[in-house]
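Listed below are the residues making up each chain.
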Amino acid sequence: KSLKYASGVVVSFDHVKQDLIKYFRLSESKIDVCPLPYNQIKLAFPSKEEAEIYNQKYSNLKNFILYPAQTWEHKNHFSLIKAIELIKDKYNFLVDVVCTGKKNPNFFPKIEQYLGESTVSEQIHFMDIVPEIELCWLYKNCSLVVIPTLYEAGSFPLLEAMSLKVPVICSSVTSLPETIGDSRFIFAPLKIEQMGDLIVNM
């Protein structure tokens, strides 16, 4: 009803506009695309003392991937875990993964159950929500940010990684390819081998 009676609708990405036209039958002229202010996306940096705390906390992780996302099903943690399994089997290469974000009670138990039988369970670290300065430290100290989501109106982890000049790869869905702007760094989120090979190459 809000969409129907609104004088205008503002969205951040063209693909959201197309969804509103397709699924809600809104007039194209009623929808304006107003991009996010990319250059204003910033995270608070940890102090020297705070950084040392995180150096100690994550001292056992020398070469790790970061994926900041709540564990909704569409965030596609399963495919990332399977890609890490493939990397171990295909390349004999061990990669740790740090996942931040709320452990969604409706879906996280399924991830836990899968990890209980996985050969890479000790490489996957779910940290829950972390402070902004800790997230910033994780971005700056990871080897790669991977965003395998199946749907995203707009990805703040992608924008944050890019603003911090951190290597990042992402899935080929919705706004992500247009945001990253380079096909070398995208993958089909359900093609495990493609994701795994790109992680290793990066």
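Residues numbered from 1 in each chain as written. Predicted model: local features only at pLDDT ≥ 70, side-chain atom pairs only at ≥ 80, totals over all residues. Heavy atoms only, no water.

*Asks:* What is the right way to look at the sheet that holds strand 5 (residues 124-128) in this model?
*Replies:* Note on sheets: strands pair through backbone hydrogen bonds, and any given pair is parallel or antiparallel. Reading across the sheet, the six strands line up as 5-4-3-6-7-8 and stay open at both edges, with parallel pairing between neighbours. Across the chains shown, the open sheet's two edge strands, defined by having one partner strand only, are strand 5 and strand 8 (186-187). Pairing of strand 3 (residues 64-68) with strand 6 (residues 144-147) involves two bridges; the strand directions are parallel. Across the sheet, I65 pairs through a bridge with L144, a residue of strand 6. (Pairing = 2+ DSSP bridges. Helix = DSSP H or I, 4+ residues; strand = E, 2+ residues; numbered from the N terminus.)

*Asks:* What is the right way to read the nonpolar core from this model?
*Replies:* Burial of nonpolar side chains together is a common tendency in soluble globular proteins. Core analysis: the biggest nonpolar cluster contains 53 residues, and Y139, V145 and I199 have the highest contact counts within it. Setting aside chain neighbours within four positions, we find Y139 in contact with L43, L66, P68, V145, P157, E160, A161, L164 and V166. In this structure, V9, F13, V16 and L26 belong to the second largest nonpolar core, which totals seven residues. (Core = buried A, V, L, I, M, F, W, Y, C linked by side-chain atoms within 4.5 Å. Buried < 20%, exposed > 50% of the residue type's maximum accessible area, 1.4 Å probe, protein only. Contact = heavy atoms within 4.5 Å.)

*Asks:* Would you mind going over the pairing of strand 3 with me for this structure?
*Replies:* Each regular strand shows side chains that alternate between the opposite faces of the sheet. For strand 3, the tally of buried residues reaches five of five residues, placing the bulk of the element in the interior. Residues F64, L66 and P68 point to one face of strand 3 and I65 and Y67 to the other, with burial holding for every one of them. In the sheet, strand 3 pairs with strand 4 (residues 96-100) via five bridges, with the strands oriented parallel. From the neighbouring strand, L66 faces strand 4, where its bridge partner is V98. Handedness of the crossover joining strand 3 and strand 4 through helix 4 (residues 77-91): right-handed. (Right-handed = clockwise from strand over helix to strand, strands pointing away.)

*Asks:* Explain the environment of D128 here, please?
*Replies:* Mapped onto the secondary structure, D128 falls in strand 5. D128 gets classed as partly exposed once you look at its relative accessible area, which sits at 30%. For the pair D128 and Q70, spaced 58 residues apart in sequence, the C-alpha to C-alpha distance is 8.1 Å. Once you skip the residues sitting within four places of it in the chain, D128 turns out to touch C99, T100, G101, K102 and K103.

*Asks:* How should the side chain of K75 be read in this particular structure?
*Replies:* By secondary structure assignment, the location of K75 is in the loop between strand 3 and helix 4. Look at K75 and you get buried, because its relative accessible area is 12%. One polar contact links K75 to E152, side chain to side chain, over a distance of 3.0 Å. Here K75 is in contact with Y67, A69, Q70, P148, T149 and E152, once residues within four sequence places are set aside. (Polar contact = N/O pair within 3.5 Å; in protein donor to acceptor, adjacent residues only side chain to side chain.)

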